[in-house]
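# Per-entry structural report
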Amino acid sequence: QNCNYGDSGEAWDFGFSPFLAYDQSRWGLDLHYTTWTHFGHTTNGGAFFEWYLDDAVTFGAKGGYLSTGGAPWGGHGHYLGGFVQFYGLPDLAITGAVDWQDVVSGQGCGFGRPCLSSDFNDVLYTIDAEFLPNEDWGVTIYGGFTYSQVTQIQESSNENIWRIGLRWY
């Protein structure tokens, strides 16, 4: 079934991440809700931690539960991820990360149709860099690359995602 909803849409994202910060680590919870026009919503709840090995290296991990709903898919699953961040210079951060998510969904339920089960699995491999040219400005230049491997109902695909931009702190 091909559903054509047009070329535009809106995404709303709400999140809450309370944490405890210590000299060598940060621990917390992550609760997030995102809704997209014509594509339903995603809700996640989990935990994360960061460990500051020294002034040059930070490790982190996250994991939790996913819930999706709305057209055209809905289900439940889990996510895991980890990263290592290296500060090559005081104002340059390079990050490598791996993220995995798996959602099992029921499709086609209702209106006399049987429920079909689907398994959506996504693995992301990311490398990012962020540079702060002037600490007084609070603006950084960032860029990165993500390779995504997607598997759904025994069909696989991949994406190459490039990013570049500015952040203001």
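Since we're looking at a predicted model, the values are computed, not measured.

### Considerations on the packing of aromatic side chains
The tally for this structure, following the rule as stated, stands at three aromatic pairs. Taken together, a centroid distance of 5.1 Å and an interplanar angle of 25 degrees make the contact between W27 and F49 stacked. Residue W27 is located in strand β3 (residues 25–36), and its partner F49 is located in strand β4 (residues 40–52); the two are separated by 22 residues in the primary sequence. By relative accessible area, F49 is classed as partly exposed at 28%. Each ring, one from W51 and one from F59, has its centre 6.1 Å from the other, and the planes form 20 degrees; the classification is stacked. Overall, the relative accessible area of 39% leaves W51 in the partly exposed class. Stacked on the ring of F19, the Lys or Arg R26 has its end atom at 4.8 Å from the ring centre.

### With respect to the confidence of the model for the protein
Here the protein shows a mean pLDDT of 86. Residues at 70 or above account for 86%. Predicted confidence in the protein is weakest over strand β8 (residues 116–131), with a mean pLDDT of 87, and strongest over strand β2 (residues 19–21), with 96.

### Observations concerning the side chain of D30
Its place among the elements puts D30 in strand β3. A polar contact is formed between the side chain of D30 and the side chain of S17, at a distance of 2.7 Å. Residues in contact with D30, not counting those within four places in the same chain, are F16, S17, N44, G45, G46, F48 and Y79.

### With respect to the environment of H32
Relative to the assigned elements, H32 resides in strand β3. In this structure H32 comes out as partly exposed when scored by relative accessible area, which is 27%. Separated by 12 residues in sequence, H32 and N44 have C-alpha atoms that sit 5.3 Å apart. Setting aside chain neighbours within four positions, we find H32 in contact with D13, F14, G15, T42, T43 and N44. Within the structure, the side chain of H32 is placed 3.2 Å from the side chain of D13, a separation counted as a polar contact.

Each value, and the rule that gives it
Residues numbered from 1 in each chain as written. Predicted model: local features only at pLDDT ≥ 70, side-chain atom pairs only at ≥ 80, totals over all residues. Heavy atoms only, no water. Phe/Tyr/Trp six-rings, centres within 6.5 Å; stacked < 30°, edge-to-face > 60°. Helix = DSSP H or I, 4+ residues; strand = E, 2+ residues; numbered from the N terminus. Buried < 20%, exposed > 50% of the residue type's maximum accessible area, 1.4 Å probe, protein only. Lys NZ or Arg CZ within 6 Å of the ring centre and 35° of its normal. pLDDT = per-residue confidence, 0-100. Polar contact = N/O pair within 3.5 Å; in protein donor to acceptor, adjacent residues only side chain to side chain. Contact = heavy atoms within 4.5 Å.

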